Amino acid sequence: MADEFNRRDFLKAAAIAAGPAVVSGRAANEKINIGWIGVGTRGYASLDWMHTAAPNDVEITAICDTYEGYIARAKDRMKTVWGTTPKVYKDYNDLLADKSIDAVFIMTPEHLHHNMAIAAIKAGKHIYTEKPLAHTIEEGFDIVHAAEKTDKVIQVGTQNRSSTIYKKAKEMIQQGMIGDVHYARAFWYRNSLPDNPAWRYVIPPEANTQNTDWNRFLGPAPKRSWSPERYFQWRLYWDYSGGISTDLLVHQTDIINFMLNRTVPKSCVASGGIYRWHDDRDTPDTFSAIYEYPDNFHINYSCYFGNDHYGYGEQICGNEGTIEVMNRKDMYFTPETFGGKAPANVAARKPVHLNGKEDFNEGDGAINHFRNFLQSIKGNEKPIAPPLVGQQAAISGHMATLSFKNQKKIIWDEAANKYHFV
Ligand SMILES: NC(=O)c1ccc[n+]([C@@H]2O[C@H](COP(=O)([O-])OP(=O)(O)OC[C@H]3O[C@@H](n4cnc5c(N)ncnc54)[C@H](O)[C@@H]3O)[C@@H](O)[C@H]2O)c1
C-alpha cells in the first residue's frame with residue numbers, strides 16, 4: 001500500500017474520521033452559548049478564529065477577565081466582528097453560575113487551568129481549555145478523573161491534532177511510507193532583538209492594582225505583592241508556568257504522540273538554562289530534552305531563544321524515510337536513498353510536499369479545533385484532544401521541567417501513573 005501512495009492519492013483521501021460521536025440532546029439549529037474566560041493574547045485572537053470557525057453556530061454571551069483593559073478591548077472586538085455585546089465578569093465563578101451558558105473557553109495562565117476546569121465541570125459546562133492541561137501532573141489527573149464523571153465535552157487546546165497537514169502525515173506514517181520508526185527530532189527556535197527579550201510581552205502602561213485583580217490572578221499560586229511582570233509575563237516564572245516544556249514542547253510531543261499513536265514517555269533527561277536573556281526570569285531560554293518511550297522510540301527535543309534559523313518542526317525519522325512538518329504549514333516526505341541501493345519498493349516512493357494553505361485552505365489550526373469541539377457538543381463528532389490526551393502531552397512537559405529542576409533523569413511508571421528520579 002505504501003508503495004502505491006502518491007500526492008494525488010493524498011489529496012483525494014478523506015481526512016481521518018474523529019471517531020463515533022456521542023448522542024446530543026441539542027436541537028440542530030440551537031446556538032451554543034459560550035462564556036470566554038481569559039481574553040489576553042490567546043483569548044482575544046480566538047474571538048476572531050471562532051467567528052471564522054462557526055459564525056452561525058455559537059453566541060459568545062459572556063467574557064471574564066481580571067484586567068479591565070483587556071475586557072474593554074475584547075468588548076470592542078466583539079462589537080466589530082460579531083456585532084454583539086457580551087456580559088462581563090471579573091470572577092469566573094459568577095460566569096459559571098450563569099445557567100444560560102453552555103460552554104466555556106479557558107484561556108488563562110497555566111496555574112489557573114485546574115481550578116477553573118474543575119469548577120466548570122461541576123457547573124455542568126462543556127469545556128475547551130488551553131494547554132497545558134494543568135500546572136502539575138497531579139492537577140492534570142484530577143481533571144482527567146473529574147472529566148470521567150461528566151457527560152459534557154472537554155477539549156484541550158492542542159490544536160495541531162485538528163490540522164489536515166498533521167492528519168496526512170499520520171496517515172502516511174501509519175501506511176508504512178517511512179518504515180519502522182524509532183527516532184524523532186522536534187525543535188522550536190526563536191529570536192528577537194536585544195531590546196525585546198523573549199517572553200517579555202508588553203505590559204500595558206496603565207495597568208495597576210485598581211484595574212487588575214492581582215489576588216484572582218494569583219489564585220492558588222504563592223501570595224506575593226503586585227508585580228506587573230508576573231501578571232503579564234507569567235511564562236517567565238515557575239509559580240505560573242513550566243516554561244518552554246509546558247508552553248511549547250507539549251505541542252510537539254503531543255503531535256508526535258498523535259502521528260505515531262504514542263502516549264507517554266518512560267523517561268526524560270532535560271538540560272539547559274538562562275543563557276541569552278539575563279533578567280530576573282526563572283524559566284530557561286535554552287532547553288533540550290531527551291525522551292525514551294516504550295518499544296524503542298526516542299525523541300530528541302531542543303529549543304533556544306537566541307537563533308531562529310531552523311524555525312519550528314517535527315521530524316519523524318523512519319528507517320525507510322522521513323516525514324517532517326515545518327512551521328505547522330509544510331509537510332515533506334523524503335524516502336531514504338541508502339546511497340543509491342534502496343530496495344525497489346522504497347526507491348519507487350516519490351517525495352511529497354503538502355502545504356496547509358495551498359492544499360487544504362487551512363490557516364490557524366485552532367479554527368478546525370474549535371469546529372471539532374462544537375461538532376462534538378452537537379453530537380456529530382468526538383473531541384480529538386480529550387483530557388486524557390491533553391494529560392499525556394502535559395506529562396512529557398512536566399517530566400522535562402522536573403528533570404531540569406532536579407538535574408536528574410526522571411522515570412514514568414505508567415502502571416502506577418507516578419514518577420521517580422534516578
Ligand atoms: N494553543 C496554543 O497554540 C496557545 C498559544 C498561546 C497561548 N496558549 C495558552 O493560552 C493560555 C493563555 O495564554 P496567553 O498567551 O493568552 O496569556 P495572557 O497573559 O496574554 O492572557 C491571559 C489572560 O488571563 C487573564 N486572567 C488572569 N487571571 C485571571 C482570572 N483569575 N480570571 C480571569 N482571567 C484571568 C489575564 O488578565 C489575561 O487577559 C495559556 O494556557 C497558554 O499556554 C495556547
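Read on for a plain summary of the structure. Remember, predicted model here, so these are calculated numbers, not experimental data.

**Here's the deal with the overall build of the protein chain**
In step 1: Secondary structure assignment for the protein chain yields 14 helices and 16 strands.
In step 2: Taken over C-alpha atoms, the radius of gyration comes to 22 Å for the protein chain, in line with the 22 Å a tight globule of 422 residues would show.
In step 3: If you take every contact in the protein chain between residues at least 6 apart in sequence, the share linking residues at least 24 apart comes to 73%.

**Considerations on the environment of Asp 239**
In step 1: Mapping Asp 239 onto the fold places it in the loop between α9 (228-232) and α10 (244-260).
In step 2: Along the chain, Asp 239 and Cys 268 lie 29 residues apart, while their C-alpha atoms are 22 Å from each other.
In step 3: The contacts of Asp 239, once residues within four sequence positions are left out, are His 111, Ala 221 and Pro 222.

**What to know about the nonpolar core**
In step 1: Grouped together as the largest cluster of nonpolar side chains are 96 residues, with contacts concentrated most on Ile 37, Ile 106, Ile 127, Ala 169 and Ile 173.
In step 2: Mapped onto the domain boundaries, this core takes at least three residues apiece from domain 1 (16-160) and domain 2 (164-363 + 387-421).
In step 3: Excluding residues that lie within four positions of it along the chain, Ile 173 makes contacts with Ile 178, Val 181, Met 259, Leu 260, Ile 316 and Ile 323.
In step 4: Judged by nonpolar contacts, the second largest core, of 7 residues, contains Tyr 231, Phe 232, Leu 236 and Tyr 240.

**Examining the sheet that holds strand β3 (residues 87-89)**
In step 1: What the 6 strands build is an open sheet, ordered β3-β2-β1-β4-β5-β6; its pairing is parallel. Whereas interior strands pair on both sides, the edge strands pair on one side only; in this sheet they are β3 and β6 (154-156). The average angle at which neighbouring strand axes cross in this sheet is 20°, direction not considered.
In step 2: The sheet contact formed by strand β4 (residues 103-106) and strand β5 (residues 126-129) spans 4 bridges and is parallel.

**Comments concerning the environment of His 51**
In step 1: Here His 51 lies in helix α2 (residues 41-53).
In step 2: His 51 sits in the partly exposed class, given 18 other C-beta atoms within 10 Å.
In step 3: Along the primary structure His 51 and Ile 32 are separated by 19 residues, whereas in three dimensions their C-alpha atoms are 13 Å apart.
In step 4: Once residues within four sequence positions are removed from consideration, His 51 is found in contact with Val 81 and Trp 82.

**Points about the site of the ligand**
In step 1: Lining the immediate environment of the ligand, one finds 26 residues, of which Gly 38, Gly 40, Thr 41, Arg 42 and Glu 130 sit closest.
In step 2: When residues of the shell around the ligand are traced back to their parent elements, those giving at least two are α2 and α8 (214-218).
In step 3: The element that contributes the greatest number of residues to the shell around the ligand is α2, accounting for 3 residues.
In step 4: Here the residues of the shell around the ligand are counted per class, giving 10 nonpolar, 9 polar and 7 charged.
In step 5: Two domains each put at least three residues into the shell around the ligand: domain 1 (16-160) and domain 2 (164-363 + 387-421).

Calculation notes
- Residues numbered from 1 in each chain as written.
- Predicted model: local features only at pLDDT ≥ 70, side-chain atom pairs only at ≥ 80, totals over all residues.
- Helix = DSSP H or I, 4+ residues; strand = E, 2+ residues; numbered from the N terminus.
- Rg over C-alpha atoms; globule rule 2.2 N^0.38 Å.
- Contact = placed C-beta atoms within 7 Å.
- Core = buried A, V, L, I, M, F, W, Y, C linked by C-beta atoms within 7 Å.
- Buried ≥ 20, exposed ≤ 12 C-beta atoms within 10 Å, placed from the backbone.
- Domains from an automatic or database assignment.
- Pairing = 2+ DSSP bridges.
- Axes fitted to C-alpha atoms, helices over the stretch in contact; angles between N-to-C directions.
- Near = placed C-beta within 6 Å.
- Nonpolar A, V, L, I, M, F, W, Y, C, P; charged D, E, K, R; others polar.

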